[in-house]
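A look at the structure
Spelled out, the chains give:
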Amino acid sequence: MGRPGHIAPGMGRDEQRLERMFYPETVAVIGASRERGTIGNIVMENLVSGEYACCAHPVNPNADQVLGRDAYDSVLDVEGDVDLAVIAVPAKIVPTVLEECVEKGVAGAAVISAGFGEAGEQELSRRVEEIAEQGLRILGPNVLGLINTGIGLNASFASAMPRHGDIAFLTQSGALGGALIHWTAREGLGLSHVVSLGNKLDVDDADLVRYLDAKEEVEVVAIYMEGLRDGREFMDAARATDTPVVAVKAGRGEAGERATASHTGSLAGQDRVFDAAFRQSGVIRAHTTVELFDQAEALTLQKPADGNRVAVVTNGGGAGVMAADACEDHGLSVPELSEPLKERVAEALPGIASPRNPVDTLGDAGYERYKGAIRALSGSGEVDVVVGIHVETSQIDPMGAAKAMAEEAGRNGVPVVSCWIGGKGLEEALDLMRSRGVPHYPEPERAVSAARALVQQGEAEREEGAG
Amino acid sequence: MKLDEERTRDLAEEYGVPLPRQGLAGSREEAADLADRVGYPAVLKLVSPDLPHRTEAGGVRTGVETRDAALETYDDLVEVAEREAVPVEGVQVQEQVEEGREVIVGGLRDATFGPTVMFGLGGVLVEVLEDVAFRVAPIDAAEAQEMIREVKGYPVLEEFRGKPPADIGAAADVVASVSRLVHENPAVETLDINPLIVHENGAVAVDLKIAVEE
């Protein structure tokens with residue numbers, strides 16, 4: 001597989017180097033190992049056994065072959081150009097190995113090796129930074145590696161390939177990133193890229209937000225972040241990108257800051273300032289990794305909302321109340337509907353149902369009630385996003401609600417996020433939600449948080465348009 | 001390092017941070033002239049490098065209502081200095097700022113984002129409640145208004161218990177000015193206005209401190 005015209009004429013040199021890292025023709029695994037279970041072995045295995053049939057060359061002076069491929073003593077001995085080097089050697093010899101990469105003209109190196117700033121080795125960190133200035137892009141150190149699912153490239157020691165999708169996931173923590181690859185697969189979430197950033201001595205969030213903005217397959221960038229080396233650079237990149245950015249920033253309190261300081265060698269900034277900076281640059285802030293992907297998924301499936309007015313449509317009153325509470329927590333409005341609108345909503349409902357917001361369609365609500373209520377709301381100009389809730393009951397087949405939500409989502413520019421409370425009886429309905437691109441969540445609070453992401457993205461885009 | 005008073009005032013003036021009208025008098029006549037200029041009631045303060053607890057020593061006189069009172073107060077303050085056996089640099093004559101809503105405005109250099117600006121409600125509870133809002137500097141007055149509305153205690157700035165609403169626009173102008181000041185002056189490490197008194201019309205930075213890099 002080649003690089004189908006990826007190096008475009010207008011690309012800057014740094015962007016070209018990133019492009020070669022993510023679409024490499026040749027990868028060198030420095031520290032490739034024959035010993036099963038070691039990082040140098042897993043990376044090699046991932047590169048030779050995956051669907052990405054590239055030329056992966058092991059570099060290991062103590063081995064003749066690794067996984068059936070001839071090993072080289074040094075990256076300098078590899079024939080032809082090397083686009084990406086994945087480095088898993090002891091920290092002390094990383095600078096020497098990186099200098100050889102510079103000499104070889106390697107475009108980028110992912111340094112998996114740990115034992116730099118996070119372990120108090122400032123001098124080693126400084127040397128890595130100096131080498132990065134000689135034209136080699138360096139990811140890390142202290143990373144999991146990088147994954148590009150679009151071409152099946154797994155240049156990491158993650159044991160599984162994520163499902164292919166349109167969320168680019170950047171993570172400061174390699175271990176958490178690796179675990180979330182499994183979790184996203186189990187949740188049915190698809191990822192376009194996984195990039196572990198580690199100590200961020202060179203390649204950082206801002207570089208990748210800029211780089212990924214040009215990628216058509218990326219609908220949203222989701223970031224797990226503990227700290228930033230240059231906050232303003234990140235703000236500039238986030239402001240400039242058209243791709244929604246959602247970030248969870250860990251290390252909010254003093255104890256968290258201690259943990260992140262020892263973990264990545266970067267100081268977690270003051271939380272309130274991060275909050276403000278995210279808001280000022282249109283970055284949507286998530287507070288947990290579940291929320292991060294809930295919001296990211298909603299942004300890949302639905303259009304941003306034109307305002308913050310939420311209508312809740314539910315066949316269970318309790319779930320509606322919880323959704324309304326969550327709206328308040330997220331700063332979203334659940335407006336009282338106008339009299340004419342209440343009348344139009346009431347036309348779709350039986351006499352004893354409530355046309356007030358949250359709209360209660362009653363336990364046995366099927367297709368007609370959901371359809372009629374959502375359509376009246378989305379066409380009213382009084383509502384910017386609909387949270388559709390269905391609680392499983394013995395009285396009605398959930399497919400009616402599912403079909404109505406699938407048909408009405410996005411009509412009149414009003415996105416729909418859905419919440420489904422129940423068990424196995426919902427599976428067919430959830431399949432329909434998945435196939436029709438309506439985000440679905442098992443709790444009202446999670447659906448509302450996803451709605452908040454659509455509202456904030458809409459605000460960010462309007463601000464961008466105004467500015 | 002604390003920036004000296006003159007340079008602090010110059011910076012404030014350059015960026016349009018409103019300070020109380022004031023001046024330093026070297027004689028009783030000068031004090032009376034200054035009091036005429038800043039308006040009555042005025043505040044007179046003994047300025048001496050060796051008097052750390054000036055208020056306790058009787059070196060601050062508020063509510064000076066007339067020119068004659070200003071002349072007398074000047075003499076009183078000189079007596080205080082004699083009694084305390086401290087040298088006199090002069091007597092500061094200042095506009096007495098009317099009561100209003102007390103808020104705090106700060107500038108701070110954040111390790112990650114550089115210059116930032118902070119707004120919060122003043123009073124004794126601010127440090128406990130931490131009811132403050134931040135922005136990365138610089139920001140314009142519209143953004144500053146939004147930031148002011150963000151603090152939980154915002155309703156006390158609106159019409160509150162029979163008091164007319166405070167001049168949010170004037171407070172926002174100060175926040176925006178501070179944000180420009182810290183952004184354009186990299187040597188400024190911290191800036192504190194505590195309190196900024198916000199009136200029905202206008203606002204006055206009663207106490208402004210700036211710390212700069214050594």
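Residues numbered from 1 in each chain as written. Chains lettered and ligands numbered in written order. Predicted model: local features only at pLDDT ≥ 70, side-chain atom pairs only at ≥ 80, totals over all residues. Heavy atoms only, no water.

Secondary structure assignment for chain B yields six helices and 10 strands. For 214 residues, the compact-globule formula gives about 17 Å, and the C-alpha radius of gyration of chain B, at 19 Å, lands near that figure. Projected onto its principal axes, the C-alpha positions of chain B cover 50 × 45 × 30 Å. Out of the 214 residues belonging to chain B, those deemed buried represent 47%. In chain B, 60% of the contacts between residues at least 6 apart in sequence involve partners at least 24 apart. Split by element, the accessible area of chain B, about 10,900 Å² in all, is 47% carbon and sulfur. Separation between the mean location of the 20 positive side-chain charges and that of the 44 negative ones in chain B comes to 2 Å. (Helix = DSSP H or I, 4+ residues; strand = E, 2+ residues; numbered from the N terminus. Rg over C-alpha atoms; globule rule 2.2 N^0.38 Å. Buried < 20%, exposed > 50% of the residue type's maximum accessible area, 1.4 Å probe, protein only. Contact = heavy atoms within 4.5 Å. Areas by Shrake-Rupley, 256 points an atom, 1.4 Å probe, with all protein chains shown as cover. Lys, Arg positive; Asp, Glu negative; His and termini not counted. Charge placed at Lys NZ, Arg CZ, Asp CG, Glu CD.)

Residue and element names in this part refer to chain A. Ordered in space as β2-β1-β5-β6-β7, the five strands form an open sheet in which the pairing is parallel. Lying at the two open borders of the sheet, with one neighbouring strand each, are β2 (55–59) and β7 (137–139). Between one strand axis and the next, the sheet turns by 20° as a mean value, whatever way the strands run. Bridge analysis of strand β6 (residues 108–111) against β7 gives three bridges, and the strand direction is parallel. Paired with G108 across the two strands is R137, which belongs to β7. Against the sheet, helix α1 (residues 13–22) contacts β5 (84–87), β6 and β7, and its axis sits at roughly 50° relative to β7. Across the sheet, helix α3 (residues 94–104) touches β1 (26–30), β5, β6 and β7, and the angle it forms with β5 is around 170°. (Pairing = 2+ DSSP bridges. Axes fitted to C-alpha atoms, helices over the stretch in contact; angles between N-to-C directions.)

In this section: the pattern of salt bridges. Residue and element names in this part refer to chain A. Per the counting criterion, the structure on display carries 38 salt bridges over all chains. One salt bridge in this structure joins E123 and R126, with 2.7 Å as the shortest N-O distance. Of this pair, E123 and R126 both sit in helix α4 (residues 122–132), three residues apart, which is roughly one turn of that helix. E123 gets classed as partly exposed once you look at its relative accessible area, which sits at 46%. (Salt bridge = Lys/Arg side-chain N within 4 Å of Asp/Glu carboxyl O.)

Residue and element names in this part refer to chain A. Relative to the elements of secondary structure, I352 occurs in the loop between α12 (339–347) and β16 (359–360). With relative accessibility at 76%, the residue I352 sits in the exposed group. Sequence separation between I352 and V59 is 293 residues, and the spatial gap between their C-alpha atoms is 74 Å.

In this assembly, 15 residues from chain A lie in contact with 18 residues from chain B. For the chain A and chain B pair, buried surface summed over both sides reaches about 1,400 Å², with 54% attributable to carbon and sulfur atoms. Contact with chain B buries area across many residues of chain A, yet R232, R272 and V273 of chain A alone supply 44% of it, more than any other trio. Where chain A meets chain B, there are one salt bridge. The closest approach of N and O atoms between R279 of chain A and E150 of chain B, which form a salt bridge, is 3.2 Å. Taken together, the links from chain A to chain B amount to six residue pairs in polar contact (both at pLDDT 80 or more). Those elements giving two or more residues to the side of chain A that touches chain B turn out to be α7 (231–240) and α9 (271–280) of chain A. (Buried area = accessible area lost by both parts, 1.4 Å probe. Polar contact = N/O pair within 3.5 Å; in protein donor to acceptor, adjacent residues only side chain to side chain.)

So, on to a negative patch on the surface. Taken together, D4, E5, E6, D10, E13, E14 and E184 of chain B make up a surface patch of like negative charges. Structurally, D10 of chain B can be placed in helix α1 (residues 5–14). (Patch = residues over 30% accessible without salt bridge, like charges linked within 9 Å, V, L, I, M, F, W, Y side chains within 5 Å.)

It is worth spelling out the packing of helix α5 (residues 141–150) of chain B against helix α6 (residues 168–184) of chain B at this point. All names here are of chain B. Taken N-terminus to C-terminus, the directions of α5 and α6 make an angle of 110°; their axes are 8 Å apart at the nearest point. When the axes of α5 and α6 are compared, the pair comes out roughly perpendicular. Where α5 crosses over α6, the handedness of that crossing is right-handed. Residues A141, A144, Q145, M147 and I148 of α5 pack against I168, G169, A171, A172, D173, V175 and A176 of α6. Counted by class, the contact of α5 with α6 contains nine nonpolar, two polar and one charged residues. (Parallel < 35°, antiparallel > 145°, perpendicular 65-115°, else oblique. Left-handed = near helix turned anticlockwise from the far one by under 90°. Nonpolar A, V, L, I, M, F, W, Y, C, P; charged D, E, K, R; others polar.)

Residues and elements named next belong to chain A. Under the counting rule described, the total for this entry stands at six aromatic pairs over all chains. Where W183 meets F293, the ring centres are 5.9 Å apart and the plane angle is 55°; that geometry is what we call tilted. Of this pair, W183 sits in helix α5 (residues 174–187) while F293 sits in helix α10 (residues 289–301), and the two are 110 residues apart along the sequence. (Phe/Tyr/Trp six-rings, centres within 6.5 Å; stacked < 30°, edge-to-face > 60°.)

Just distances and angles here, no functional claims.
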